[in-house]
Amino acid sequence: MHLSQIVLYLSLLIALGPVVLSDQETHQQPSASNPEDAEQCATCDVRQQIKTMRLNAIKSQILSKLRMKEAPNISRDIVKQLLPKAPPLQQLLDQYDVLGDDNREVVMEEDDEHATTETMMMIATEPESVAQVDGEPKCCFFSFAQTFQANRIVRAQLWVHLRPADEATTVFLQISRLMPVTDGSRHIRIRSLKIDVNAGVSSWQSIDVKQVLAVWLRQPETNWGIEINAFDSRGNDLAVTSTEPGEEGLQPFMEVKISEGPKRLRRDSGLDCDENSPDSRCCRYPLTVDFEDFGWDWIIAPKRYKANQCIGECEYMHLQKYPHTHLVNKANPRGTAGPCCTPTKMSPINMLYFNRKEQIIYGKIPSMVVDRCGCS
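These remarks concern the structure in this document.

About the cut-offs
Residues numbered from 1 in each chain as written. Predicted model: local features only at pLDDT ≥ 70, side-chain atom pairs only at ≥ 80, totals over all residues. Heavy atoms only, no water. Helix = DSSP H or I, 4+ residues; strand = E, 2+ residues; numbered from the N terminus. Contact = heavy atoms within 4.5 Å. Polar contact = N/O pair within 3.5 Å; in protein donor to acceptor, adjacent residues only side chain to side chain. Core = buried A, V, L, I, M, F, W, Y, C linked by side-chain atoms within 4.5 Å. Buried < 20%, exposed > 50% of the residue type's maximum accessible area, 1.4 Å probe, protein only. Phe/Tyr/Trp six-rings, centres within 6.5 Å; stacked < 30°, edge-to-face > 60°. Disulfide = S-S within 2.5 Å. Salt bridge = Lys/Arg side-chain N within 4 Å of Asp/Glu carboxyl O.

1. Points about the environment of Gln 157
Mapping Gln 157 onto the fold places it in strand S3 (residues 153-162). Distance from Gln 157 to Val 256, taken between C-alpha atoms, is 6.5 Å for residues 99 residues apart in sequence. Once residues lying within four places of it in the same chain are set aside, the contact partners of Gln 157 are Ser 206, Ile 207, Asp 208, Val 209, Phe 253, Met 254 and Glu 255. A polar atom in the side chain of Gln 157 sits 3.3 Å from the side chain of Ser 206.

2. Description of the nonpolar core
Within the largest apolar cluster, 77 residues are counted, with the highest numbers of intra-cluster contacts made by Ile 62 and Trp 298. With 7 residues, the next largest nonpolar core counts Cys 282, Cys 310, Cys 314 and Cys 373 among its residues.

3. Here we look at the packing of aromatic side chains
A complete count under the given rule lists 9 aromatic pairs for this structure. Both rings, one in Phe 291 and one in Trp 296, keep their centres 6.2 Å apart while their planes meet at 10 degrees; by these two values the pair is stacked. An identical accessibility class is assigned to Phe 291 and Trp 296; each is buried. Cluster of aromatic residues (ring-pair linked, three or more members): Phe 291, Phe 294, Trp 296, Trp 298, Tyr 305 and Tyr 353.

4. Comments concerning the state of the cysteines
Taken as a whole, this structure holds 5 disulfides when the rule is applied. Linked covalently through their sulfurs, Cys 139 and Cys 140 form a disulfide whose S-S length is 1.5 Å. Around the S-S axis, the bridge from Cys 139 to Cys 140 shows a dihedral of about 90 degrees and counts as right-handed. Take Cys 139: its relative accessible area is 4%, and that puts it in the buried class. With its sulfur 1.8 Å from that of its partner, Cys 273 forms a disulfide with Cys 283. Measuring handedness by torsion sign, the sulfur bridge of Cys 273 and Cys 283 sits at about 90 degrees and is right-handed. With Cys 273 in the loop between strand S9 (264-267) and strand S10 (283-285) and Cys 283 in strand S10, the pair connects residues that are 10 residues apart, well separated along the chain. In the protein chain, the cysteines engaged in disulfides, taken in order along the sequence, are linked 1-2, 3-5, 4-8, 6-9, 7-10.

5. A word on the side chain of Asn 355
Within the secondary structure, Asn 355 sits in the loop between strand S15 (341-354) and strand S16 (360-375). A polar contact of 3.0 Å, which involves the side chain of Asn 355, links it to the backbone nitrogen of Lys 357. For Asn 355, the side chain forms a polar contact with the main-chain nitrogen of Gln 359, separated by 2.8 Å. Beyond its immediate sequence surroundings of up to four residues, Asn 355 is in contact with Met 68, Pro 72, Ile 74 and Ile 361.

6. Overview of the pattern of salt bridges
By the definition in use, this model includes 6 salt bridges. The residue Arg 356 makes a salt bridge to Glu 70 at a minimum N-O spacing of 3.7 Å. Residue Arg 356 is located in the loop between S15 and S16, and its partner Glu 70 is located in the loop between helix H2 (35-65) and helix H3 (76-82); the two are separated by 286 residues in the primary sequence. For Glu 167, the salt bridge identified is with Arg 234, shortest N-O distance 3.2 Å. You can see Glu 167 sitting in the loop between S3 and strand S4 (169-178) and its partner Arg 234 sitting in the loop between strand S7 (226-231) and strand S8 (253-258), a full 67 residues away along the chain. Owing to a relative accessible area of 32%, Glu 167 belongs among the partly exposed residues under this scheme. When salt bridges that share partners are traced, they join Asp 290, Glu 292 and Arg 304 into one network.

Any functional reading would require information beyond the geometric quantities listed.
This is how it looks when you write it as structure tokens:
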């Protein structure tokens, strides 16, 4: 009986053996027939994984460098309502249209780990009720963060949009400081400007308010807001202080230019590869970050930029320079010893964006573009 069982098992093995082997050969045939294609495909998968990780890291870095815990909840429709249609903002947007992606050979090196604010554009809001009578005036209050330093202010301009006049006339633009109603006098004129305008033509006008801003920063308790008037010869107020339908983006705002820290010039260099390159050495590969793909409408410009990424092996490049590390890596390929392909030179990007207070910021974010890759 025992012998008959053995014969039965052998018969089954003989009958089924070729079928099993044939099935294995079917699954393994592609990789065995062309191992180079399989290796190249695996390399592409690794690069794609690294790309995804790099994009996720960039999102976290931007929020961290801007000192944000999460992205501002500002939709595209809100951006259209808040975005001023004013010359200084249009000039910044024109720069992005001309330069496109920040692709320079000479870059500025920053030491700070956080964003450096260069220009802030604060849109006017309604003053507190203690500075109003019967809900008037509706404009204008500007809030400032406590981190603002008066000695770093280079320039402060108040921008006001004037509605078209019925005839050629002279307009007197007046800026008055608001005070609580309980303090008596509510209007303390602080600046005035005489402007000649043509009939039927609207315009943006700016007035220097650097000294006013400096006082507010040193004595925040005096900042109750300002009232803006622009009277023509007939007594009509042409200043747009509260937007009517069709006047979106024409509300007053303050443009503040802030001094930057010291910078050093350096030049870009390093080994570059394209996405289809078979080179396995440590190399800089192109990587484009698209903020619209992130759903980040709060970033005004750029909508995308070239971040680049470092991918590749360091073993052969560092054989002569680091012979001991090379031998250690050979003996223990899964170990952590040895150089890795990482950025050795990085540069900042300029960004125009809304913060959580719906203020427009134009600043520099350090270490966002890979200029050079190396093994370290």
